[in-house]
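Here is how the chains run, residue by residue.
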Amino acid sequence: MRLLAFIALKHLLARKRQSIVSLMGIVLGVAFFLAISSIMQGSEEDFIKRLVDNSPHITISDEFRNPRVQPVDRLYGDKGIVSISGVKPLTETRGIRGYEKILVYLENQPDIKVSPVLTGSSIISFAGQEKGVTINGMIPQEIDRVSTIRDYMVEGSLDRLYANPDGVLIGVTLAKNLSLALNDTITISAQNGNVRTLKIVGIFKTGRSGYDRSQVFMNLKRAQALLGRINRINAILVKLDQPNQALLRAHEIEAVIKYKSESWQEQSEDLMSTLAIRNKIMYTVVSAVLVVAAFGIYNVISTVVMEKHRDIAILKSMGFPASDIRMIFLIQGVLLGVAGNLAGVPLGVIFMRAMEEIEFRPPGSTEAISMPVSWGMEQFAIAATFALSAAVLASFLPARKASHVQPVDILRGGL
Amino acid sequence: MATLLKTENLTRRLEDEAIPVTLVRQANVEVREGEYVAIKGPSGSGKSSLLYLLGLLDRPTSGKIYFRDQDISNFSQNKLAQLRLEQMGFVFQFHFLLPEFTSLENVMIPMRKLGNLSDKEIKIAATERLAELGLADHINKLPSQLSGGQRQRVAIARALANNPKLILADEPTGNLDTVSSENVQEILQNLVKTHGCSVVVVTHDPEFAQRCDRTITIVDGAIVEEE
């Protein structure tokens, strides 16, 4: 094997310029592959990170995916003995039943952080204007466990909500629309006619205008009173140590507690599939670069095989079997692939570093951000593997041709 | 002397051509150990074709080949390659050295392929082979830096690399001036004595043929005379 590698290397070194040109194909292919995939991967990760950070990983709501079966049906349903029609269930306050038990169950899982929340719509009135908002009644001390709202506070603070049970956090857009400022007092009225007066103790700015316009955070007890749903909650927000596990964990949780548990993946399914399609397109395009590079390798090894017919005949006459001859040219493919990677990966890293330096201001944003570049190992692995296999595949056909050379045909020809 | 190589009714036809050609017909050749045999005949008579068949580079259309009394006619290509590696050495009309490799490397390649010796031993053995043929000063030169006679001597050294039992030479002096030609002829003649191997040489030089123990004359692919 060492001997074959030695012969293969000599062949390539004998035609340096050609080898270098075909090598450049692989080098640039690998570098562009890395540059493009890192930026695509980076932007995707950045996007998902925002998504994952700013929303609960699993949201348990007071709904069932399948309607609940009446007890009588559960007992006798398949026997056809008893049938009840026109059932009118008791009107009860909506919410998650027995949520305390569910909370205990969830909190006993080591990888889970939870917080109950009561959401509902209500109207804020100020200076003759009215705005519909979604109130999020939460236990102030637990907000940090499931939300990143603290990071987005621009005025006041989350801590003031701890101290003041009549405090409220509103978004910057809402404040602007209603000309509200910190420490102003607002009136919130619910659909049932309940009215509460609350004090603005903090203003947040997430950058998502819909969120900043419509979401309001307040004390859970106050929200329950306002919405007339004492001791009720209608959602449990869950954060996981491993956000990627959300899909699986949501299924597990739902199987136990029966209430609908939606993972963030499920909630943003359309977005995720868009990202998946984007990835496919990206990999197709970048792979094309490497395929083109592979043709360069095919070219140089084919040329070597053509020029080396005589040497192949000599080696065969010496006693090298066809498999050795094939191996020599396959090794050339491997050598070009490996060398291409050795030069291409550092070049790719330079490209990636350069892109990280580029700062730009996305439309509507006030801060310049740098390009999100992903440094994930798997894209290096993909680029290197793809380049190497393209090189080996490209050398396969010429190598096979070389192994079929009949020494006698060459020797008879004299040259 | 024991028989090294023997053929029975060896025939080689090129069937694929527009007009099928018979290169070698019904050849019965026997080469004994330590024998120096010349194959002569006019151009295109099938001398080289017979040599390629004896050297297992080509397969006969019909007939049998025995190497040390073993029928090798049906050996696989790989087994034949191994046999060539261990037992045979070739010298061609054009030197046919590998151009990217130095004289020493050219001689070392078959040794390394066989792999019986360590790298160090191989280097020493290959240097000795070259020194034996008066090339001690040229071991690190590329074939392009050598004269025709020197190249042919490197080729002989390479053929001898694995101490083969049989050296097959196809017009080894065909491309050389008289002095180099004389030199090569002498070397080949000495091989029989010094290395104890059999040498089969194709030539159309009657003087060269006369130095041999035996001459096989071939005309139109058929052996017409053995003396």
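The coordinates are above.
Here the structure is a predicted model, which is why all the values come from computation and not from measurement.

Novice: Report on the overall build of chain B, specifying residues and quantitative values.
Specialist: Helix and strand counts for chain B stand at 7 helices and 11 strands. The C-alpha radius of gyration computed for chain B amounts to 17 Å, which stays within 12% of the reference 17 Å derived for 227 residues, consistent with globular compactness. Projected onto its principal axes, the C-alpha coordinates of chain B cover approximately 45 × 40 × 40 Å. Looking at chain B as a whole, 54% of its 227 residues are labelled buried. Counting contacts in chain B only where the partners sit at least 6 residues apart, residues at least 24 apart contribute 70% of the total.

Novice: Which residues make up the pairing of strand β4 (residues 36-40) of chain B, and what are the values?
Specialist: All names here are of chain B. The buried fraction of β4 amounts to 4 of the 5 residues, a majority that puts the element mostly inside the structure. As judged from the 4 bridges shared by β4 and strand β9 (residues 198-202), these two strands associate in the parallel manner. Residue pairing across strands places V37 opposite V200, the latter belonging to β9. With 4 bridges connecting them, β4 and strand β10 (residues 214-219) associate as parallel partners. Following the sheet pairing, A38 is matched in β10 by T215.

Novice: Lay out the interface of chain B and chain A in plain terms, naming residues and giving numbers.
Specialist: The figure often quoted for interface size is the accessible area lost as the parts come together. Taken together, the contacts link 25 residues of chain B with 26 residues of chain A. The junction of chain B with chain A conceals about 2,500 Å² of combined surface from both sides, 62% of it contributed by carbon and sulfur atoms. Its largest share of buried area at the contact with chain A, chain B owes to F96, E100 and R112 of chain B, together 25% of the area lost on that side. We note a salt bridge from D324 of chain A to K113 of chain B, for which the minimum N-O separation is 2.4 Å. Linking chain B to chain A there are 7 residue pairs in polar contact (both at pLDDT 80 or more). Broken down by secondary-structure element, the contributors of at least two residues to the side of chain B that touches chain A are α1 (47-54), α2 (77-87) and α3 (103-114) of chain B. Of all the elements, α3 of chain B adds the most residues to the side of chain B that touches chain A, at 5 residues.

Novice: For the nonpolar core, give the residues involved together with the corresponding values.
Specialist: By size, the foremost hydrophobic cluster in this structure holds 87 residues, and its most contacted members are L315, F320 and F329 of chain A together with L50, I109 and V200 of chain B. It is helix α12 (residues 269-307) of chain A that contributes the most residues to this core, 10 residues altogether. Ignoring sequence-local partners within four residues, the contact set of F329 of chain A consists of H11, I301, V304, V305, I312, S395, A399 and A402 of chain A. Counting residues in hydrophobic clusters, the runner-up holds 44 residues, among them I96, V168, M218 and L227 of chain A.

Novice: I'd like to hear about unusual backbone geometry, residue by residue, with values.
Specialist: In this model, N183 of chain A sits at a positive phi of 75°, which is unusual for a non-glycine residue. Within the secondary structure layout, N183 of chain A lies in the loop between α7 (172-177) and β6 (185-190). A relative accessible area of 37% means that N183 of chain A is categorised as partly exposed. Notably, D69 of chain B is not glycine yet its phi reads approximately 70°, a positive angle. On the basis of relative accessible area, D69 of chain B is assigned to the exposed category, the value being 66%.

Novice: Report on α2 of chain B, specifying residues and quantitative values.
Specialist: Residues lying three or four places apart along an α-helix face the same way, a consequence of the helix completing one turn every 3.6 residues. If you check which residues of α2 of chain B are buried, you get L80, A81, L83, R84, L85 and Q87 of chain B. Close packing links the buried residues of α2 of chain B with α13 (309-318) of chain A together with β5 (62-67), β7 (88-91), α3 and β8 (166-170) of chain B.

Conventions used here
As a convention, each chain's residues are numbered from 1 in the sequence order in which they are written. For naming, the first written chain is A and the first written ligand is 1, with later ones following in the order written. Reporting of local features is limited, given that this is a predicted model, to residues whose pLDDT is at least 70; pairs of side-chain atoms are given and counted only at 80 or more, and all residues count toward the totals for whole chains, interfaces and linings. Side-chain metrics in this entry use all non-hydrogen atoms of the structure; hydrogen atoms and water are not considered. In DSSP terms, a helix is any run of H or I states spanning at least four residues, a strand is any run of E spanning at least two, and both are numbered starting from the N terminus. The size measure is the radius of gyration over C-alpha atoms, and the globule rule it meets is 2.2 Å times the number of residues to the 0.38 power. Under the scheme applied here, a residue whose accessible area is under 20% of the maximum for its type counts as buried, over 50% as exposed, and between as partly exposed, the area being computed with a 1.4 Å probe on protein chains only. In what follows, residue pairs with any heavy atoms lying within 4.5 Å of each other are defined as contacts. At least two bridges found by DSSP between two strands are what make those strands a pair. Two parts placed together each lose some accessible area under a 1.4 Å probe, and the buried area is that loss summed for both. Basic side-chain nitrogens of Lys or Arg form a salt bridge, by our definition, when they fall within 4 Å of a carboxyl oxygen of Asp or Glu. Any pair of nitrogen or oxygen atoms within 3.5 Å is treated as a polar contact; in protein, a donor-acceptor pairing is required on top of that, and neighbouring residues in sequence qualify only through side-chain atoms on both sides. Here the nonpolar core consists of buried residues drawn from Ala, Val, Leu, Ile, Met, Phe, Trp, Tyr and Cys, with membership extended through side-chain atoms lying within 4.5 Å.

Fair warning: the whole summary comes from geometry, so function is off the table for now.
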